[in-house]
Amino acid sequence: MPQQNYPITITTTDSVYTVNSPEDVPYLPDSVQKIIKDFTATDSTAYVKEEPAYVTPAYEVSPAFITGALLLLIIIILKAKAALRQIDAERIAAEKAEANETYIPHCLIYKGAEIEFSKAEVHSVCTKYNPFYNKLNAHQQDEFIRRLGEFIYRKNFYIMSSKGYREMPVLIAAAAIQISFGLADFLFPHFSRIIIHPEEYIAYDPLRILVGNVQGRSISISWKHFLDDYLNPTDGKNVGLHEMAHALQVQHIFQQQDFESEFKKDYENYDRIDDEILLAERHTGTTLFDENALSNANEFWATCIELFFEKPQQLQQQYPHLYSSIGTVLNQDTAAM
Ligand SMILES: [Zn+2]
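(A) Spatial organisation of the packing of aromatic side chains. Tallied over the full model, the rule gives 16 aromatic pairs. Seen from their ring centres, Trp-223 and Phe-226 are 5.5 Å apart, and the 15° between their planes marks the pair as stacked. Note that Trp-223 and Phe-226 are positioned in helix H8 (residues 223-231) at a spacing of three residues, about one turn of the helix. This pair shows no difference in class: Trp-223 is buried, exactly as Phe-226 is. Centre to centre, the rings of Phe-263 and Tyr-267 are 6.3 Å apart; their planes meet at 15°, and the pair counts as stacked. Here Tyr-267 and Phe-263 lie together in helix H10 (residues 262-284), a separation of four residues that amounts to about one turn.

The following block contains the structure:
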């Protein structure tokens, strides 16, 4: 916009002129007077190069359009959230599958690789609770503790209670080491989890109350019954040994079906004998084996192991072939200990 109010400043290539009023104009050089004349005579609008105004079209936005847009936005957000949740669920499932773990709520977890026990601590706990350990010589006890440490290192212990004890992993591992002590393989690699319930627990499908069971990759035991059975070592009842016997059977017989192991060969020999024991128990009325033991071959095996460790002389006396066949499978002679 040109300035028509005085003073006016005119700048030429070699001078600057300040014009304070129209009276000054006649005293200026002709070329400058011409500039001023052109400048002041012309309508100011002629100097204004107005940019064409950009007129924003006034769109009419209807409320229905706004509502529709909002709904669309909400749907997009919800779908994005669902997609993220799905991705997250798949990631968690994949991690669990990778870790080969099942999520167990409300429990303490002792990761075997992260808990440390001194040799003196293991010795003290085993001496107090495990009669088999007490029958071993010093050299065998060293081997027992070494195996026990390796076993614990490879397992995770899930304690279904707010309170756990360091004796739990030690003594449950000791039961596994006890029954496998004559074998080269003592790690039960099929099983990654030991689940310890404070007492009897409910199992589903079928619904039942248990003190111990072996399922999938888990060995579950009621701690109350486990301890009671170890504190009473000659009654032929020991849930720890019973479940470890099932686990050993799963590990060596069911999981290694096409592997012709020494264990499997010896087990098949033992398995040929159990039928005659079933008949003898049923017909002579002797009651070394309970009803559960006589209900099926797997329970018979687990009970045999309990008797082998808790009533070895009686088992040997009553069923010498059975005793020796179990001794061959486990490579142990408990009656002679
Ligand atoms: Zn059983």
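The rest of the description comes next.
(B) Layout of the pairing of strand E8 (residues 212-215). Relative to strand E9 (residues 218-222), E8 runs antiparallel, the two being bridged by four bridges. Bridge pairing in E9 links Val-214 to Ile-219. Hairpin remark: E8 followed by E9, antiparallel, with two residues in the connecting loop; positive phi at Gly-216, about 55°.

(C) How the structure looks around the coordination of the zinc ion. For the zinc ion, the protein coordination sphere consists of His-242 (NE2), His-246 (NE2), Glu-299 (OE) and Glu-299 (OE), at 2.0 to 2.4 Å. Classification of the site at the zinc ion rests on its four donor atoms, whose angles at the metal span 56 to 141°, yielding the label irregular. Ordering the donors of the zinc ion by residue number gives the pattern H-x3-H-x52-E. In this pair, His-242 is assigned in helix H9 (residues 239-254) and Glu-299 in helix H12 (residues 297-310), connecting sequence segments 57 residues apart. Across this residue pair, the class does not change: His-242 and Glu-299 are buried.

(D) Quick peek at the side chain of Asn-130. The topology assignment puts Asn-130 in the loop between helix H4 (119-129) and helix H5 (131-135). At 2.9 Å, the side chain of Asn-130 and the backbone nitrogen of Tyr-133 are in polar contact. Setting aside its immediate chain neighbours within four residues, Asn-130 contacts Ala-174, Gln-178 and Tyr-230.

(E) The packing of H9 against H12, seen in detail. It is the contact of H9 with H12, at a shortest axis distance of 8 Å, that shows an interaxial angle of 125°. For the element pair H9 / H12, the angle class is oblique. Like other packed secondary-structure pairs, H9 and H12 cross with a definite hand, here right-handed. When H9 is examined against H12, the residues Val-239, Leu-241, His-242, Ala-245, His-246, Leu-248, Gln-249 and Phe-254 are found in contact with a partner set consisting of Asn-298, Glu-299, Trp-301, Ala-302, Thr-303, Ile-305, Glu-306 and Phe-309. Here the residues of the contact of H9 with H12 are counted per class, giving nine nonpolar, five polar and two charged.

(F) Summary view of the pattern of salt bridges. Under the criterion given, the structure shown has nine salt bridges. Put simply, Glu-262 and Lys-265 hold a salt bridge, and the shortest N to O gap is 3.8 Å. Linking Glu-262 with Lys-265, this pair stays in helix H10, spanning three residues, or about one helical turn. The class for Lys-265 is partly exposed, based on a relative accessible area of 45%. Several salt bridges share partner residues, and in doing so they unite Glu-143, Arg-146, Arg-147, Glu-150 and Arg-154 into one network.

(G) Inspection of the layout of surface pockets at higher detail. Estimated volume of the second largest pocket: approximately 220 Å³. Around the second largest pocket sit 15 residues that line it, and Asn-213, Val-214, Glu-243, His-246 and Glu-299 are the ones nearest its centre. When contributions to the lining of the second largest pocket are tallied by element, the ones reaching two or more residues are strand E7 (208-210), E8, H9 and H12. With six residues, the single largest contributor to the lining of the second largest pocket is H9. Taken together, the residues of the lining of the second largest pocket break down into four nonpolar, eight polar and three charged.

(H) Spotlight on the nonpolar core. Membership of the largest hydrophobic core comes to 72 residues, with the highest contact counts inside it found for Phe-144, Leu-148, Phe-289, Trp-301, Leu-315 and Leu-322. Considering every element that reaches this core, the biggest residue donor is helix H7 (residues 167-179), with ten residues. Looking at which domains feed residues into this core, each of domain 3 (105-258) and domain 4 (260-337) gives three or more.

The rules behind these values
- Residues numbered from 1 in each chain as written.
- Predicted model: local features only at pLDDT ≥ 70, side-chain atom pairs only at ≥ 80, totals over all residues.
- Heavy atoms only, no water.
- Phe/Tyr/Trp six-rings, centres within 6.5 Å; stacked < 30°, edge-to-face > 60°.
- Helix = DSSP H or I, 4+ residues; strand = E, 2+ residues; numbered from the N terminus.
- Buried < 20%, exposed > 50% of the residue type's maximum accessible area, 1.4 Å probe, protein only.
- Pairing = 2+ DSSP bridges.
- Donors = N, O, S within 2.8 Å, 3.2 Å for Na, K, Ca; no water.
- Tetrahedral: all angles 85-135°; square planar, octahedral: opposite > 155°, others 65-115°.
- Polar contact = N/O pair within 3.5 Å; in protein donor to acceptor, adjacent residues only side chain to side chain.
- Contact = heavy atoms within 4.5 Å.
- Axes fitted to C-alpha atoms, helices over the stretch in contact; angles between N-to-C directions.
- Parallel < 35°, antiparallel > 145°, perpendicular 65-115°, else oblique.
- Left-handed = near helix turned anticlockwise from the far one by under 90°.
- Nonpolar A, V, L, I, M, F, W, Y, C, P; charged D, E, K, R; others polar.
- Salt bridge = Lys/Arg side-chain N within 4 Å of Asp/Glu carboxyl O.
- 1 Å grid on protein atoms, 1.4 Å probe; cavity = no way out; pocket = protein on both sides within 12 Å on 5 of 7 lines; lining within 4 Å.
- Points joined across faces, edges and corners; volume = space filled by probe spheres on them.
- Core = buried A, V, L, I, M, F, W, Y, C linked by side-chain atoms within 4.5 Å.
- Domains from an automatic or database assignment.

In short, geometric facts, not functional conclusions.
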